[in-house]
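# Secondary and tertiary structure notes
Residue-level listing of the chains:
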Amino acid sequence: MGAEAVFEELSPELIEEFLEDQRERGRAPGSLAAYRRNLLKLYSLLPDGKRLTAGTAARWRARMQAEGVPPRSVNARLSALNSLCGYLGRREFQSGDFLDGPEIVQPELTRSEYLRLLGAAKALEKERTYFLIKVLGGVGLRVQELPQLTAEALRAGELELSYHNSRCRRSAAIPPALREELLDFAGREGFQTGPVFRTGEGRPVSRTYVCKLLGQISGPARVAPEKATPRCLWNMYQSTRQDILRTISVLADQAYDRLLAQEQQLAGWDA
């Protein structure tokens, strides 16, 4: 099946559904307005059927360049499309071909800085912040998945996550020691059911709220504020796992080489 045979039908209703998801994740009103404007512009340019495909981004980019749209605006529109495609679970539709511009370097949070964040939260008796850091950086949950971390799921010992309106699913393992800590925390907070992390009004925490809590301890933890974010915690979790997997791969290769050497001694041609 060709790439163009796979598609998602775009509609104003779907755009609003995406924007609501972004709003719940703490996206600023100005950003939401820009997303709406750019995505409705794309919608108006799509041919009959209003289909998003793997070639949509490239065609839109070429059209904008032909019309003389400034590079910054081209990149902003492609970024809006990429976010929408991520929401739809269609990352193969995203564009990685942006126009030249200033490079944005994502700051890197180290494990020692992660431990300092935990230490500062503990010293300041910021228990909710402490567990948010552990869940985001130690377990690798995303902010939008936090409402699914419920007392019921912790008691069951299973965390099955779905997002993007159940278009994407994955499982997450909560280490037993942390699971017990979180259950105790939920009990102290008075939550026997529902999300473990809630605001004072009982609503699931938003990205804005989480960023505020993390920012409050970046100073005491001696960690740059731009590193005390959900994204940096996620990146640290991912890079740590990748480092471990690379180490395991090297050790496996070394063990296999030793096995072959032993077999060579036993069954080599000249043995």
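Higher on the page you've got the structure.
For clarity, every value in this text was computed on a predicted model and none was experimentally measured.

Quick notes on the rules
- Residues numbered from 1 in each chain as written.
- Predicted model: local features only at pLDDT ≥ 70, side-chain atom pairs only at ≥ 80, totals over all residues.
- Heavy atoms only, no water.
- Helix = DSSP H or I, 4+ residues; strand = E, 2+ residues; numbered from the N terminus.
- Rg over C-alpha atoms; globule rule 2.2 N^0.38 Å.
- Buried < 20%, exposed > 50% of the residue type's maximum accessible area, 1.4 Å probe, protein only.
- Contact = heavy atoms within 4.5 Å.
- Lys, Arg positive; Asp, Glu negative; His and termini not counted.
- Charge placed at Lys NZ, Arg CZ, Asp CG, Glu CD.
- Phe/Tyr/Trp six-rings, centres within 6.5 Å; stacked < 30°, edge-to-face > 60°.
- Lys NZ or Arg CZ within 6 Å of the ring centre and 35° of its normal.
- Expected span 1.5 Å × (residues − 1).
- Salt bridge = Lys/Arg side-chain N within 4 Å of Asp/Glu carboxyl O.

## Here we look at the overall build of the protein chain
On a plain count of helices and strands, the protein chain comes out with ten helices and four strands. Mapped from its N terminus to its C terminus, the protein chain presents α and β elements in the order β-α-α-β-α-α-α-α-α-β-β-α-α-α. Taking 2.2 N^0.38 as the reference for a compact globule, 271 residues should give roughly 18 Å; the C-alpha atoms of the protein chain span a radius of gyration of 23 Å, well beyond that estimate. Expressed along its principal axes, the backbone C-alpha trace of the protein chain runs to roughly 70 × 65 × 35 Å. Taking all 271 residues of the protein chain together, the buried fraction comes to 40%. In the protein chain, 64% of the contacts between residues at least 6 apart in sequence involve partners at least 24 apart. Across the protein chain, the mean location of the 38 positive side-chain charges is 6 Å away from that of the 34 negative side-chain charges.

## A word on the packing of aromatic side chains
Summed over all chains, the structure comprises six aromatic pairs. Taken together through their ring pairs, the aromatic side chains of Tyr 130, Phe 131, Phe 185 and Phe 197 make up a single cluster. Just above the ring of Tyr 43 sits the side chain of Lys 50; from NZ or CZ to the centre is 4.7 Å. Its guanidinium or amino end placed over the ring of Trp 234, Arg 142 lies 4.3 Å from that ring's centre, counting from NZ or CZ.

## Comments concerning helix H10 (residues 230–267)
Over its 38 residues, H10 runs 55 Å from end to end, which matches the ideal 56 Å to within 8%, given 1.5 Å per residue. Taken residue by residue, H10 has Pro 230, Cys 232, Leu 233, Trp 234, Met 236, Tyr 237 and Thr 240 as its buried positions.

## Here's the deal with the pattern of salt bridges
Applying the stated criterion across every chain, the model contains 13 salt bridges. The closest approach of N and O atoms between Glu 127 and Arg 188, which form a salt bridge, is 2.1 Å. Taken together, the residues span a long stretch of sequence, with Glu 127 in helix H6 (residues 127–139) and Arg 188 in helix H8 (residues 176–189) at a distance of 61 residues. Overall, Glu 127 belongs to the partly exposed group, its relative accessible area being 29%. With a relative accessible area of 52%, Arg 188 lands in the exposed category. Its salt-bridge partner being Glu 145, residue Arg 142 comes within 3.2 Å of it at the nearest N-O pair. One continuous salt-bridge network, built from bridges that share partners, spans Glu 8, Arg 90 and Glu 92.

So yeah, pure geometry; function would need other evidence.
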